[in-house]
Structures are given as C-alpha cells and as structure tokens.
Amino acid sequence: MGPAFRTDVLRVRTGREEAVYDLTADCAAFLREAADGSDGLLNVFVPHATAGVAILETGAGSDDDLLAALRDLLPADQRWRHRHGSPGHGRDHVLPAFIAPHATLPVIGGRLELGTWQSVVLVDTNRDNPDRQVRLSFLG
C-alpha cells in the first residue's frame, strides 16, 4: 500500500489585534482521523502573505514576548514601501520572511511529536484581515 495523504483547511478568526493563535489541539484532532495511528509528517501551511506558523511555548508569556519582539523588529510605522491598509501594514508583508508560512512536523503513532512545552501556533500581526485559513496536510 502506498503512502496516505490527507488534507483539510481550518478556518481561524484571529481578530483585529496581533495574535498568536494556538493550533495544537486542531492539529491533534486532524491527526486522530487522518493519521489513524500511523507514522508520517504533518505540514501546517498558512496561504496568506501576512501570517506565519511557529513552534513556540504558549501560556507562559512567550507568545506575548514574540509579539513584542516583532513590534521591535518590524515597527508598524510609515517606513514601509508597501502602504495599503492600516498604518504600518507593510511590516505584515515582511513577517513571513522571519516566521515562515509553514512548518513540517513528525507524527509517530498518529500523534504529533512535540517537545514538552512546544505548541504549533499561527502568528498574525495583520489587523486588516481577521479571517484566516490554515491547511493541514498529513503524509504517512
């Protein structure tokens, strides 16, 4: 039997503020059905020019620290040549160069292999687009 491939799209509402949105439970729910106990790879992809996917500890301040670091690194001011949208929106289009729009993770026995404190998160600094899609794909 050849490799199994399953894919699905999550619809995520991140809101009108910068957000680190935890996708870990959604990934686990997808894998319960898609992987069905097998080994393989999970790819998480955000088909947006202004969002990224990261592996990060959440709930202990790291998510807020990431947003603060991004504000320092990519300020929402008028320096950006890309100028449509809210003030400073050009920085949102630079974000995926720092936080890739995808991550590929190992799946063992149908379960996502993350470290103790690791979570899969959507990083969204774009206040102009609160509705996001996240494509989950399993290759086993």
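For clarity, every value in this text was computed on a predicted model and none was experimentally measured.

Digging into the overall build of the protein
A count of helices and strands for the protein gives three helices and eight strands. Helices and strands in the protein line up, N terminus first, as β-β-α-β-β-α-α-β-β-β-β. Relative to its length of 140 residues, the protein is compact, with a C-alpha radius of gyration of 16 Å against a globular reference of 14 Å. Dimensions of the protein, computed from C-alpha atoms along their principal axes, come out at roughly 55 × 30 × 20 Å. Burial statistics for the protein: of 140 residues in total, 43% are counted as buried.

Notes on the sheet that holds strand β6 (residues 111-112)
Strand order in the open sheet made by the five strands is β1-β8-β3-β5-β6, with antiparallel pairing throughout. The open sheet has two free edges, formed respectively by β1 (5-13) and β6, since each of these has just one partner strand. Two strands pair when backbone bridges link them, and β1 and strand β8 (residues 131-139) are joined in this way by nine bridges, in the antiparallel orientation. Of the residues in β8, the one forming a bridge with Arg-6 is Phe-138. Against the sheet, helix α1 (residues 24-34) engages β1, β3 (40-45), β5 (102-108), β6 and β8, with an angle of about 40 degrees to β8.

Details of the nonpolar core
Membership of the largest hydrophobic core comes to 22 residues, with the highest contact counts inside it found for Leu-23, Leu-42, Val-44 and Val-134. At the level of elements, β1, α1, β3, β4 (51-56), β5, β7 (119-124) and β8 are the ones that each hand at least two residues to this core. Among the elements that make up this core, the one with the highest residue count is α1 (four residues). What Leu-42 contacts, discounting residues up to four positions off in sequence, is Cys-27, Phe-30, Leu-31, Ala-103, Thr-104, Leu-105, Val-107, Leu-112, Leu-136 and Ser-137. Formed by 12 residues, the second largest nonpolar core is a distinct cluster that contains Leu-56, Leu-66, Trp-80 and Val-121.

What about the sheet that holds β4?
Overall, antiparallel pairing links the three strands, which are arranged β2-β7-β4 in an open sheet. Pairing within the sheet leaves two strands with one partner each, and these edge strands are β2 (19-22) and β4. On average, each strand axis in the sheet is inclined to that of its neighbour by 30 degrees, with strand direction left out of account. Sitting on the sheet, helix α2 (residues 62-73) is in contact with β2, β4 and β7, with an inclination near 145 degrees to β2.

With respect to a nonpolar patch on the surface
A cluster of nonpolar side chains, Phe-5, Leu-41 and Leu-139, forms an exposed patch at the surface whose accessible area comes to about 300 Å². Residue placement: Leu-41 occurs in strand β3.

A few points about α2
Between the first and last C-alpha of α2 there are 16 Å, a value that for 12 residues agrees with the 16 Å anticipated at 1.5 Å per step. Along α2, the residues classified as buried are Asp-63, Leu-66, Leu-67 and Leu-70. Mapping the buried residues of α2 onto a view down its axis gives an arc of 95 degrees, with all of them on the same face. Facing away from the buried surface of α2 by more than 90 degrees, the exposed residues are Asp-64, Asp-65 and Asp-72. As for α2, its buried residues are in contact with β2, β4, α3 (90-98) and β7.

Rules behind the numbers
- Residues numbered from 1 in each chain as written.
- Predicted model: local features only at pLDDT ≥ 70, side-chain atom pairs only at ≥ 80, totals over all residues.
- Heavy atoms only, no water.
- Helix = DSSP H or I, 4+ residues; strand = E, 2+ residues; numbered from the N terminus.
- Rg over C-alpha atoms; globule rule 2.2 N^0.38 Å.
- Buried < 20%, exposed > 50% of the residue type's maximum accessible area, 1.4 Å probe, protein only.
- Pairing = 2+ DSSP bridges.
- Contact = heavy atoms within 4.5 Å.
- Axes fitted to C-alpha atoms, helices over the stretch in contact; angles between N-to-C directions.
- Core = buried A, V, L, I, M, F, W, Y, C linked by side-chain atoms within 4.5 Å.
- Patch = residues over 30% accessible without salt bridge, like charges linked within 9 Å, V, L, I, M, F, W, Y side chains within 5 Å.
- Areas by Shrake-Rupley, 256 points an atom, 1.4 Å probe, with all protein chains shown as cover.
- Salt bridge = Lys/Arg side-chain N within 4 Å of Asp/Glu carboxyl O.
- Expected span 1.5 Å × (residues − 1).
- Arc of directions from axis to C-beta.

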